[in-house]
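Fold and contact review
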Amino acid sequence: MKRIVFLGYPGSGKGTQSTQLSKEFNIFALSTGDAFRQMLKEGKGDVADQVRSCISEGRLVSDELTFEVVKNSLANENNDWILDGYPRNLNQAKILEEFCPPTDVILVDIDEEIIFRRLTGRRLAKSSGKMYNIYLSPPKKDGICDETGEELTQREDDTPEVIQKRLDVYRIETEPLVNFYQEKGILRTIKGDLAIDKVYNNLKEVLGF
Ligand code: AMP
């Protein structure tokens, strides 16, 4: 059984890696960030307002609400799963231990300075969900998705101020999870500052796939 948690700075590439793994091995994957963004597209009211202000300021959404999302998404998943972006603090990690402990935790390791550049360069094709980076993986034509021809957009939390806040939140709240899972003997670290395919091959190797 594989229940995999991805840890790493925002922009470390964990989203790309978990999506690829999920597709190749047909494993259910949940990105809590994507789930919240989806919730905002559909939702109105107090809860949506709360989530919107957290995301736009780079703060974490409450542990209770986030666990609701995780619990509901995993309710029908008796087998393998991948979590990208959960847990994000010690309390969430303890909640997950009680609910359904992970078997493998992957830390996508990368320097904070590289991340800043990666995040400011990130662009998204909204309808296909395809991500580009104007420095690292630019589209063929500036600002336009290769696949759909749509105009690329920037995530509203990929602005320099909010990026800085998200990096601080990671360092202070999420990084302690590295020790937490190391002590459980289930942490594997892969280097995140390599070409996407190389990172992916290393990922499969450490997972024994
Ligand atoms: P991400 O796409 O993973 O960078 O997440 C975007 C935003 O969603 C974060 O900055 C938080 O506001 C919120 N979020 C995502 N995952 C969590 C989580 N596990 N706990 C609290 N907030 C989260």
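How each quantity is defined
- Residues numbered from 1 in each chain as written.
- Predicted model: local features only at pLDDT ≥ 70, side-chain atom pairs only at ≥ 80, totals over all residues.
- Heavy atoms only, no water.
- Buried < 20%, exposed > 50% of the residue type's maximum accessible area, 1.4 Å probe, protein only.
- Helix = DSSP H or I, 4+ residues; strand = E, 2+ residues; numbered from the N terminus.
- Pairing = 2+ DSSP bridges.
- Axes fitted to C-alpha atoms, helices over the stretch in contact; angles between N-to-C directions.
- Parallel < 35°, antiparallel > 145°, perpendicular 65-115°, else oblique.
- Left-handed = near helix turned anticlockwise from the far one by under 90°.
- Contact = heavy atoms within 4.5 Å.
- Nonpolar A, V, L, I, M, F, W, Y, C, P; charged D, E, K, R; others polar.
- Salt bridge = Lys/Arg side-chain N within 4 Å of Asp/Glu carboxyl O.

Another aspect to go through is the pairing of strand β4 (residues 104-109). Most of β4 sits out of view: 5 of its 6 residues are buried. Across 4 bridges, strand β1 (residues 3-7) lies against β4 in parallel orientation. Pairing of Phe 6 across the sheet is with Ile 106, part of β4. Note: β4 against strand β7 (residues 187-191), 5 bridges, orientation parallel. When the sheet's bridge partners are listed, Asp 109 is paired in β7 with Lys 191.

With that settled, the discussion passes to the packing of helix α4 (residues 63-74) against helix α5 (residues 90-99). Following both chains from N to C, one finds α4 and α5 inclined at 30 degrees, their axes separated by 11 Å at the closest point. Taken together, the axis directions place α4 and α5 in an arrangement best described as roughly parallel. The two elements α4 and α5 cross, and the hand of that crossing is right-handed. Along its contact with α4, which presents Asp 63, Thr 66, Phe 67, Lys 71 and Leu 74, the element α5 presents Asn 91, Gln 92, Ile 95 and Phe 99. Across the contact of α4 with α5, the residue classes break down as 4 nonpolar, 3 polar and 2 charged.

Okay, the pattern of salt bridges next. Counted under the stated rule, the structure contains 15 salt bridges. For Asp 168, the salt bridge is made with Arg 171, and the minimal N-O distance between the two is 2.9 Å. With Asp 168 and Arg 171 both in helix α7 (residues 160-174) and 3 residues apart, this pair spans about one turn of that helix. By relative accessible area, which is 26% here, Asp 168 ends up partly exposed. Exposure remark for Arg 171: the relative accessible area of 32% places this residue in the partly exposed category. Counted as one network, the salt bridges with shared partners bring together Arg 122, Arg 155, Asp 157, Asp 158 and Arg 166.

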